[in-house]
Amino acid sequence: MAKVSLNSVYKIYPGDKGKDVTAVRDFNIEITDREFVVFVGPSGCGKSTTLRMVAGLEEISRGDIFIGDRRINDVPPKDRDIAMVFQNYALYPHMSVYENMAFGLKLRKFPKAEIQKRVTEAAAILGLEQLLERKPKALSGGQRQRVAVGRAIVRQPKVFLFDEPLSNLDAKMRVQMRTEIIKLHQRLQATMIYVTHDQVEAMTMGTRIVVMDAVMNPETGLKEGIVQQIDAPLKLYNEPANLFVAGFLGSPPMNFLKGTLRKDGGSVVFKEMTGGAVELNLGPRPSAQAHAGRDVILGVRPENCDLLPAGKPPSACSFQAVVDIVEPMGAETYFYLKTGAHTVISRSHATVDRREAGHRLLFEIDIEQVHLFDPATGLSIH
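Residues numbered from 1 in each chain as written. Predicted model: local features only at pLDDT ≥ 70, side-chain atom pairs only at ≥ 80, totals over all residues. Heavy atoms only, no water.

This next bit is on the overall build of the chain. Within the chain, the regular secondary structure consists of nine helices and 20 strands. Here the C-alpha coordinates of the chain stretch approximately 80 × 50 × 35 Å along the principal axes. Sequence-distant contacts in the chain: of pairs separated by 6 or more residues, those separated by 24 or more amount to 66%. Approximately 18,300 Å² of the chain is accessible, and the part contributed by carbon and sulfur atoms is 51%. Across the chain, the centroid of the 48 positively charged side chains sits 6 Å from that of the 44 negatively charged ones. (Helix = DSSP H or I, 4+ residues; strand = E, 2+ residues; numbered from the N terminus. Contact = heavy atoms within 4.5 Å. Areas by Shrake-Rupley, 256 points an atom, 1.4 Å probe, with all protein chains shown as cover. Lys, Arg positive; Asp, Glu negative; His and termini not counted. Charge placed at Lys NZ, Arg CZ, Asp CG, Glu CD.)

Structure (structure tokens):
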């Protein structure tokens, strides 16, 4: 296996009226040997384009890509020692499962015994032993995806590339295949780069996550794909660098409240904008102290905004709100709250039915889990 390095990589397409379109701007990362890195972001942010540049299916406009210590900018895809798994499986319909998995090795003129050995081993790993004589039309979507993965495994490449491989599967099969790919990574100890728009896939699969977004360039008026943050899943979730990362990761998404900070003795108090019900004493936070008297955006995840238990007195972290919608989810309940200008989602373990909608209830925010952001830049206020 090998590490993969992208150094100041750009992808620029010629545009109309001399306005070039920058699909990927200044992408930098070093993926270590045997790491599982996920590129995640909304459509049009450049994640698949970046993967295709690593694969050699897109030319690099600027920058360098290395696999190991070898610069591969001008190396043809077939000579990069990578294997790619596509969204649409890309299986040959007239070939059996065995023939599909063996095809790449036959082109490279591997001995028949070596081909059989590799295909048999890959089929055992993926549970395809009983399906080797079937044609793709006789397989389910999940089985076809396993064959596509098996075709990559037999190559024994330095790097595996996955381009949204689960997006054509139903929800139950996606969960199953997600688990199988995680186990595959643990078994092969391979370097893997995985592209998805699904933040749940990213959080559960990656050892590190690259969060990307398409951001408007004020000079050209065109959107450009940029990296917003690269980090381990829990680090991204608990310490987002900006509003985009905070709002993109998490389901339901983080709540954002506009308001101001003021000093109150040695503490700092957040007050929701005019007409809002939320007023929180944040304690003696140094970062908040420095922003006293200024507008901020307060972020709190739904699981950190809970229904106040019956009999517990209100605190400096509690507020009253009218319950707009109640969604019983079984083990937990989602409350959609009206707090003036904002709708706040609470994810509570309380067992409450829909009849509470329209009532005014007390909720409590865990101030240790509150995030503050600068409304002008969108950056986190540490």
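One broad rule of soluble globular proteins: the nonpolar side chains tend to lie buried together. Judged by nonpolar contacts, the single largest core of 45 residues is most densely connected at M101 and Y194. Among the elements that take part in this core, helix α4 (residues 141–155) stands out by supplying six residues, more than any other. Residues in contact with M101, not counting those within four places in the same chain, are V119, A122, A123, L128, L132, V147, G150, R151 and V154. Formed by 30 residues, the second largest nonpolar core is a distinct cluster that contains V37, L51, M53 and M212. (Core = buried A, V, L, I, M, F, W, Y, C linked by side-chain atoms within 4.5 Å. Buried < 20%, exposed > 50% of the residue type's maximum accessible area, 1.4 Å probe, protein only.)

Taking 1.5 Å per residue, 15 residues should reach 21 Å; helix α3 (residues 112–126) reaches 21 Å between its end C-alpha atoms and fits that length. For α3, every residue scored as buried is listed here: I115, R118, V119, A122, A123 and L126. Burial along α3 is one-sided: seen end-on, the buried residues are contained in an arc of 130°. Structurally, α3 contributes buried residues whose contacts are with α2 (97–107) and α4. (Expected span 1.5 Å × (residues − 1). Arc of directions from axis to C-beta.)

What follows covers the layout of surface pockets. Roughly 500 Å³ of volume is contained in the largest pocket. Forming the walls of the largest pocket are 18 residues, and the residues nearest its centre are M84, F86, R108, R151 and R155. The dominant element in the lining of the largest pocket, judged by the number of residues it contributes, is α4, at four residues. The residue inventory of the lining of the largest pocket, partitioned by class, reads 13 nonpolar, one polar and four charged. (1 Å grid on protein atoms, 1.4 Å probe; cavity = no way out; pocket = protein on both sides within 12 Å on 5 of 7 lines; lining within 4 Å. Points joined across faces, edges and corners; volume = space filled by probe spheres on them. Nonpolar A, V, L, I, M, F, W, Y, C, P; charged D, E, K, R; others polar.)

The next point concerns the confidence of the model for the chain. For the chain, mean pLDDT is 91; residues scoring 70 or higher make up 99% of the total. Ranking the elements of the chain by mean pLDDT puts helix α9 (residues 286–289) last, at 83, and strand β3 (residues 36–40) first, at 97. (pLDDT = per-residue confidence, 0-100.)

Taken as a whole, this structure holds 17 salt bridges when the rule is applied. With its nearest N and O atoms 3.9 Å apart, the salt bridge here joins E30 to K3. With E30 in strand β2 (residues 21–31) and K3 in the segment before β1 (4–13), the pair connects residues that are 27 residues apart, well separated along the chain. With its nearest N and O atoms 3.3 Å apart, the salt bridge here joins K235 to E239. With relative accessibility at 38%, the residue K235 sits in the partly exposed group. Salt bridges here are not isolated pairs; linked through shared partners, they connect K11, R52 and E58. (Salt bridge = Lys/Arg side-chain N within 4 Å of Asp/Glu carboxyl O.)

So, about empty space enclosed by the protein. Taking a probe equal in size to a water molecule and rolling it over the atoms shows the remaining empty space. Tallied over the full model, the rule gives one cavity of 30 Å³ or more. If you go around the largest cavity, the residues you meet are L126, V149, M177, E180, I181 and L184. Sort the elements by how many residues they give to the lining of the largest cavity and helix α5 (residues 171–188) lands first, with four residues. Classifying every residue of the lining of the largest cavity by side-chain character gives five nonpolar, no polar and one charged.

The four strands lie next to each other as β2-β1-β4-β5, forming an open sheet whose pairing is antiparallel. Edge positions in the open sheet fall to β2 and β5 (70–71), since each of these has one partner strand only. Where β1 meets strand β4 (residues 62–67), five bridges bridge the pair, whose relative direction is antiparallel. Looking at β4, one finds that N7 is bridged to D64. Here helix α1 (residues 47–55) sits on the sheet and contacts β1, β2 and β4; the angle it forms with β1, its principal contact strand, is near 115°. (Pairing = 2+ DSSP bridges. Axes fitted to C-alpha atoms, helices over the stretch in contact; angles between N-to-C directions.)

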